[in-house]
Amino acid sequence: MTAPPTILVFDSGLGGLTVLREIVRARPGAHYVYVADDAFFPYGHHGEDEIIARVVPLIGELIAAHAPDLVVIACNTASTLVMSHLREQYKVPFVGTVPAIKPACARSTTKRVSVLGTRGTVKREYTRALIRDFSQGCEVTLVGSADLASLAESALSGEQVSDLAIAAELAPCFIGNGEADPARTDTVVLACTHYPLLMDRLVRLAPWPVDWIDPAPAIARRVSDLLGPPGSEADHSGAEMIFTSRRPHTLSRALMPFFGGRVPA
Ligand code: DGL
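Residues numbered from 1 in each chain as written. Predicted model: local features only at pLDDT ≥ 70, side-chain atom pairs only at ≥ 80, totals over all residues. Heavy atoms only, no water.

Chemist: Give a description of helix H3 (residues 76-89) that names residues and reports values.
Modeler: For an α-helix, 3.6 residues make a turn, and residues three or four places apart therefore share a direction. The end-to-end C-alpha distance of H3 is 20 Å, a good match for the 20 Å that 14 residues give at a rise of 1.5 Å each. At Val 82, H3 shows its largest bend, some 60°. Buried within H3 are the following residues: Asn 76, Thr 77, Ala 78, Ser 79, Thr 80, Leu 81, Val 82, Met 83 and Leu 86. Each element contacted by the buried residues of H3 is listed here: helix H2 (48-66), strand S3 (70-73), strand S4 (94-95), strand S5 (112-118), helix H5 (119-123) and helix H6 (125-134). (Helix = DSSP H or I, 4+ residues; strand = E, 2+ residues; numbered from the N terminus. Expected span 1.5 Å × (residues − 1). Bend = angle between axes of the 7 residues up to and from the residue. Buried < 20%, exposed > 50% of the residue type's maximum accessible area, 1.4 Å probe, protein only. Contact = heavy atoms within 4.5 Å.)

Chemist: Break down the pairing of S3 for me, citing the residues and quoting the values.
Modeler: Covered by surrounding structure in S3 are Leu 70 and Val 72 together with Val 71 and Ile 73, the residues of both alternating faces. Note: strand S1 (residues 6-11) against S3, four bridges, orientation parallel. Paired with Val 9 across the strands is Val 72, a residue of S3. With two bridges joining them, S3 and S4 adopt parallel strand pairing. When the sheet's bridge partners are listed, Val 71 is paired in S4 with Phe 94. (Pairing = 2+ DSSP bridges.)

Chemist: Give a detailed account of empty space enclosed by the protein, specifying residues and quantitative values.
Modeler: Taken as a whole and judged by the stated rule, the model has two cavities of 30 Å³ or more. Quantified by volume, the largest cavity comes out at close to 70 Å³. Lining the largest cavity are 14 residues, with Ser 12, Thr 77, Thr 118, Cys 192 and His 194 sitting closest to its centre. Residues belonging to the lining of the largest cavity are distributed by class as follows: six nonpolar, seven polar and one charged. Each pocket or cavity is described by its volume, and for the second largest cavity that value is around 60 Å³. For the second largest cavity, the full set of lining residues is Pro 42, Gly 44, His 45, Thr 118, Arg 119, Ser 145, Ala 146, Asp 147, Ala 149 and Ser 150. Classifying every residue of the lining of the second largest cavity gives three nonpolar, five polar and two charged. (1 Å grid on protein atoms, 1.4 Å probe; cavity = no way out; pocket = protein on both sides within 12 Å on 5 of 7 lines; lining within 4 Å. Points joined across faces, edges and corners; volume = space filled by probe spheres on them. Nonpolar A, V, L, I, M, F, W, Y, C, P; charged D, E, K, R; others polar.)

Chemist: Break down the layout of surface pockets for me, with residues and values.
Modeler: Of the volumes computed, that of the largest pocket is approximately 400 Å³. Contributing to the lining of the largest pocket are 21 residues, with Gly 96, Val 98, Pro 215, Ala 218 and Ile 219 lying nearest its centre. When contributions to the lining of the largest pocket are tallied by element, the ones reaching two or more residues are H3, S4, helix H4 (101-107), H6 and helix H10 (216-227). When residues of the lining of the largest pocket are assigned to their parent elements, the largest contribution, four residues, is made by H10. Residue composition of the lining of the largest pocket, by class: 14 nonpolar, two polar and five charged. The volume enclosed by the second largest pocket comes to roughly 230 Å³. As for the second largest pocket, its lining consists of Ala 39, Arg 54, Leu 58, Glu 61, Leu 62, Ala 65, His 66, Ile 242, Phe 243, Thr 244 and Arg 246. Take the lining of the second largest pocket: its biggest share by element is six residues, from H2. When grouped by side-chain class, the residues that make up the lining of the second largest pocket number six nonpolar, two polar and three charged.

Chemist: Outline the pattern of salt bridges, supporting the account with residue identities and numerical values.
Modeler: Per the stated rule, a full pass over the model turns up ten salt bridges. For Arg 247, the salt bridge goes to Asp 38, with nearest N and O atoms at 3.0 Å. Taken together, the residues Arg 247 in the segment after strand S9 (240-243) and Asp 38 in the loop between strand S2 (31-36) and H2 connect sequence positions 209 residues apart. What makes Arg 247 partly exposed here is its relative accessible area of 27%. For Asp 38, a relative accessible area of 17% puts it in the buried group. Here Asp 211 ties to Arg 107 by a salt bridge, and the two come within 3.4 Å at their closest N and O atoms. Here Arg 107 lies in helix H4 and Asp 211 lies in strand S8 (residues 211-213), a separation of 104 residues in the sequence. Looking at Asp 211, the relative accessible area reads 33%, which means it is partly exposed. What makes Arg 107 partly exposed here is its relative accessible area of 48%. (Salt bridge = Lys/Arg side-chain N within 4 Å of Asp/Glu carboxyl O.)

Listed below in structure tokens is the structure:
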């Protein structure tokens, strides 16, 4: 039996679990290390230089400590800034998470798409370049949300989060006069990995039905392609969950579904 590959999945908090979940489905036999940089959460509230200065050396330490075969930056706010720095400095293969503007615009029939991300992600030159290059004639509205990532963290931690608070963050994505308007927004890019944690509520609170574009399945396919065909690998050492704040693991059981049913230690 071959040794399982180690995949390190990194985010500012719990949002990257939505990406981890898909990767675990694609590669159930791999060894997983999930790192939440909660000591610096939310990344959306930090400046670009601060994020680069935080993430690049931290990833270096994590590579030294865990020797991953592949690192996934499951965070749009970081990936839209740090991928070239990481690839320059470290030899491990990296997969990033950036707004899925190209597939969203290809899919929209009304040609009106919204990109919902952190304030940092929607400001980035990287995101603006994706729109310039791949909008394919669509009108693209950038919506920077100040609080939705924090609301998603609270909801996953079992706290009450009101519909009103979520609906207010969502409202600017919906351009048009309702479901019958042929020029309404019909596609919303989830450009923050935290947002799919609230999927049921986003669907319920949307003023009209839209296509929600979550890049996680495409990221999982990319990871699997880079690793090559799976062998008979199986992970016997268990999944690891690391909080940079070193807070105690009170959520382990609630997080099991994201780890394919394993309790992360
Ligand atoms: N999960 C992160 C993203 O995909 C960001 C949340 C935050 O730290 O602001 O952008």
